[in-house]
Amino acid sequence: MAIGKRIRFFRNRKGMTQKQLGEILGFLGKTSDVRMAQYETEARTPKHDLVKEMANIFDVSTHALTVPDIDTYIGLMHTLFALEDMYGLKIGEIDGEICLRLDKSDYSTYSSMFNMFHAWREQAAKLEQGEITKEEYDQWRYKYPELDNSHHWAKVPSQAVSDMLME
């Protein structure tokens with residue numbers, strides 16, 4: 001998730017308007033909401049010091065705001081946290097094993113994600129059973145959904161529609 005969406009997510013979580021956040025950050029009253037809108041739409045990128053200030057206001061780590069670097073364990077964890085926020089990914093335990101699961105409370109998201117995960121699991125099972133090669137599996141993953149013929153996945157609404165529904 002891009003930094004602008006994370007800023008909006010945490011601002012909304014705190015129940016703040018763009019104007020309120022901008023004023024707390026020290027932007028002039030008349031331009032504070034415009035400045036925050038620019039950050040949230042990613043017309044502008046906040047400098048690290050401003051990200052630190054926002055993280056303090058939201059009472060979160062700067063890692064929670066910035067685009068996660070999945071090449072590090074901390075970045076990967078914050079990516080998983082973002083997936084929890086956006087798609088209802090949950091952590092649990094089955095037979096003493098840590099597992100990730102989908103939250104059924106948002107049926108629309110659950111249904112779409114379940115179908116996509118199911119298609120992925122089918123391909124992984126084919127690889128495990130020797131029905132396809134690692135190269136075929138990788139090609140399926142890296143060209144997804146183009147090569148997916150399971151018809152389990154559904155089209156996800158555009159970002160604009162998703163944002164409208166979230167507000």
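Conventions used here
Residues numbered from 1 in each chain as written. Predicted model: local features only at pLDDT ≥ 70, side-chain atom pairs only at ≥ 80, totals over all residues. Heavy atoms only, no water. Pairing = 2+ DSSP bridges. Helix = DSSP H or I, 4+ residues; strand = E, 2+ residues; numbered from the N terminus. Axes fitted to C-alpha atoms, helices over the stretch in contact; angles between N-to-C directions. Parallel < 35°, antiparallel > 145°, perpendicular 65-115°, else oblique. Contact = heavy atoms within 4.5 Å. Nonpolar A, V, L, I, M, F, W, Y, C, P; charged D, E, K, R; others polar. Salt bridge = Lys/Arg side-chain N within 4 Å of Asp/Glu carboxyl O. Buried < 20%, exposed > 50% of the residue type's maximum accessible area, 1.4 Å probe, protein only.

A. View of the pairing of strand 1 (residues 89-94). Inspection of the sheet shows strand 1 paired to strand 2 (residues 97-102) by six bridges, in the antiparallel sense. What sits directly across from L89, in strand 2, is L102.

B. Region of the structure containing the packing of helix 1 (residues 3-13) against helix 3 (residues 32-40). Two elements in contact, helix 1 and helix 3, have axes whose closest approach is 7 Å; the angle formed by their N-to-C orientations is 125 degrees. Classified by the angle between their axes, helix 1 and helix 3 sit oblique to one another. Residues G4, K5, I7, R8 and R11 of helix 1 pack against M36, Y39 and E40 of helix 3. Classifying every residue of the contact of helix 1 with helix 3 by side-chain character gives three nonpolar, one polar and four charged.

C. Representation of the pattern of salt bridges. One pass over the full model with this rule turns up eight salt bridges. A salt bridge links K134 to D138; its shortest N-O distance comes to 2.8 Å. Placement of the pair is K134 and D138 together in helix 8 (residues 134-142), with a separation of four residues, close to one helical turn. Take D138: its relative accessible area is 17%, and that puts it in the buried class. Residue K143 is joined to E146 by a salt bridge in which the shortest nitrogen-to-oxygen separation is 3.9 Å. According to the relative accessible area criterion, K143 is partly exposed, its value standing at 37%. A relative accessible area of 59% places E146 in the exposed class. One continuous salt-bridge network, built from bridges that share partners, spans K134, D138 and R141.

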